[in-house]
Amino acid sequence: MLAEAVAAALICLDPGHGTPPAVGRQREPTGPGSRVYKEKDGGGAAGEAEVALQIAERTRRLLLQRGYRVAMTRTGPTFRYGSGGNVARAQYCNRRKAALMLRIHADGSTDSSRRGASTLYPALHRGWTDDVYGPSLQAARSIQRSLVAWTGARDLGLVRRSDLTGFNWANVPVVLVETGFMTNPAEGLLLRSAAYQQRVARGLAAGVAAFAVSY
Ligand SMILES: [Zn+2]
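Calculation rules
- Residues numbered from 1 in each chain as written.
- Predicted model: local features only at pLDDT ≥ 70, side-chain atom pairs only at ≥ 80, totals over all residues.
- Heavy atoms only, no water.
- Helix = DSSP H or I, 4+ residues; strand = E, 2+ residues; numbered from the N terminus.
- Contact = heavy atoms within 4.5 Å.
- Buried < 20%, exposed > 50% of the residue type's maximum accessible area, 1.4 Å probe, protein only.
- Arc of directions from axis to C-beta.
- Polar contact = N/O pair within 3.5 Å; in protein donor to acceptor, adjacent residues only side chain to side chain.
- Pairing = 2+ DSSP bridges.
- Axes fitted to C-alpha atoms, helices over the stretch in contact; angles between N-to-C directions.
- Salt bridge = Lys/Arg side-chain N within 4 Å of Asp/Glu carboxyl O.
- Phe/Tyr/Trp six-rings, centres within 6.5 Å; stacked < 30°, edge-to-face > 60°.
- Core = buried A, V, L, I, M, F, W, Y, C linked by side-chain atoms within 4.5 Å.

Undergrad: I'd like to hear about the side chain of Thr179, residue by residue, with values.
TA: Take Thr179: it is sitting in strand E8 (residues 174–181). Apart from the residues within four sequence positions on either side, Thr179 is in contact with Ile55, Ile104, His105, Ala106, Gly116, Ala117, Leu191 and Val200.

Undergrad: Describe the environment of Ala46, and please don't skip the residues or the numbers.
TA: Locating Ala46 in the fold gives a position in the loop between strand E3 (37–39) and helix H3 (48–65). When its relative accessible area of 63% is taken as the criterion, Ala46 is described as exposed. With 129 residues separating them along the chain, Ala46 and Val175 place their C-alpha atoms 22 Å apart.

Undergrad: Can you break down helix H7 (residues 185–192) residue by residue, with the values?
TA: Each turn of an α-helix holds 3.6 residues, which means side chains three or four residues apart point in the same direction. Among all positions in H7, only Glu187, Gly188 and Leu191 are buried. Viewed end-on, H7 has its buried residues packed into an arc of 105°, placing them on one side of the element. Facing away from the buried side of H7, by more than 90 degrees, are the exposed residues Pro185, Ala186 and Leu189. Here H7 starts with a cap whose side-chain oxygen sits 3.1 Å from the backbone nitrogen of Ala186, and that cap is Asn184.

Undergrad: Break down the sheet that holds strand E1 (residues 10–15) for me, citing the residues and quoting the values.
TA: Reading across the sheet, the 6 strands line up as E4-E1-E5-E8-E6-E7 and stay open at both edges, with mixed pairing between neighbours. Two strands close off the open sheet at either side, each with one partner strand: strand E4 (69–72) and strand E7 (155–161). Mean inter-strand twist for the sheet, computed between neighbouring axes without regard to direction, equals 25°. As judged from the 5 bridges shared by E1 and strand E5 (residues 100–107), these two strands associate in the parallel manner. In the strand pairing of E5, Ile11 is matched with Leu100. In the packing of helix H5 (residues 133–151) onto the sheet, contacts are made with E5, strand E6 (117–122), E7 and E8, and the angle to E6 comes to roughly 175°.

Undergrad: Give me the lowdown on the pattern of salt bridges, citing residues and values where you can.
TA: For side chains of opposite charge, pairing can occur when their charged atoms come near one another. Scanning all chains against the criterion turns up 4 salt bridges. Arg89 serves as the salt-bridge partner of Asp14, at 2.7 Å between the closest nitrogen and oxygen. You can see Asp14 sitting in strand E1 and its partner Arg89 sitting in helix H4 (residues 86–95), a full 75 residues away along the chain. The exposure classification of Asp14 matches that of Arg89, with both residues buried. Between Arg161 and Asp163 there is a salt bridge whose closest N-O contact spans 2.8 Å. Residue Asp163 is classed as partly exposed on the basis of its relative accessible area, which comes to 30%. What you see here is one network of salt bridges that share partners, running through Asp14, Arg89 and Arg103.

Undergrad: An account of the packing of aromatic side chains is needed here, citing residue identities and associated values.
TA: According to the stated counting rule, one finds 2 aromatic pairs in the structure shown. Ring centres of Tyr81 and Tyr92 lie 4.9 Å apart, and the angle between their planes is 85°; on these two criteria the pair is classed as edge-to-face. With a gap of 11 residues between them, Tyr81 in the loop between E4 and H4 and Tyr92 in helix H4 connect regions that are remote in the sequence. For Tyr92, a relative accessible area of 10% corresponds to the buried category. With 6.4 Å between their ring centres and 50° between their planes, Tyr121 and Tyr133 make a pair best called tilted.

Undergrad: Break down the nonpolar core for me, citing the residues and quoting the values.
TA: A general feature of soluble globular proteins is that nonpolar side chains tend to end up buried together. Counting 40 residues, the largest nonpolar core has Ile11, Leu63, Leu100, Leu102, Ile104, Ile143 and Leu204 as the members making the most contacts within it. Breaking this core down by element, the ones donating at least two residues are E1, H3, E4, E5, E6, H5, E8 and helix H8 (194–214). A per-element tally of this core places H8 first, with 9 residues. Beyond its immediate chain neighbours, meaning those up to four positions away, Leu100 contacts Leu10, Ile11, Cys12, Ala139, Ile143, Pro173, Val174, Val208 and Phe211. If you look at the next biggest cluster of nonpolar residues, it comprises 17 residues, including Val87, Leu120, Trp169 and Ala170.

Spelled out as structure tokens, the structure:
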């Protein structure tokens with residue numbers, strides 16, 4: 001009974017970036033009613049949008065094999081849904097009543113020695129994230145653990161964020177994985193390789209499954 005209910009859950013995958021630059025430069029409120037506005041899409045690290053999509057596609061296949069339903073905010077290089085920003089990405093997953101919104105990114109830094117994986121989750125903010133804070137933290141724990149186990153990436157742990165538009169507008173549990181640093185020569189190469197992308201995807205899918213069972 002539980003297994004059937006879990007198997008029917010919908011996971012919303014959000015490969016980061018890919019917003020057309022003219023739209024990406026527009027600004028949007030960081031939460032419902034917020035006076036703070038941020039760019040819809042800063043563009044991400046060089047090569048990140050493509051890597052995020054490739055990992056998302058691999059994760060999608062693995063989740064479908066596990067019996068989940070999967071929706072993706074984009075399946076091509078360009079994100080075109082709604083008004084085209086992180087509000088639209090959250091609303092896309094809200095509308096589908098996802099069991100989890102999994103945002104897939106890779107990091108960038110001016111310090112090319114930085115490497116490792118981290119998982120971001122929403123800070124508690126009354127009226128914005130209080131409904132999703134608990135399960136999001138649970139998901140972050142299980143996904144980070146599984147991602148590190150499958151990839152052997154340096155474990156940079158969990159990061160609580162109050163400033164992410166895509167978190168503050170989500171009405172479903174939400175996390176963002178920084179799968180590694182595009183700007184680290186070795187890790188950047190790994191992130192662009194099919195074999196490592198598959199390990200990342202396996203880690204994400206297993207982490208999602210562990211979360212969905214406990215949730
Ligand atoms: Zn990013």
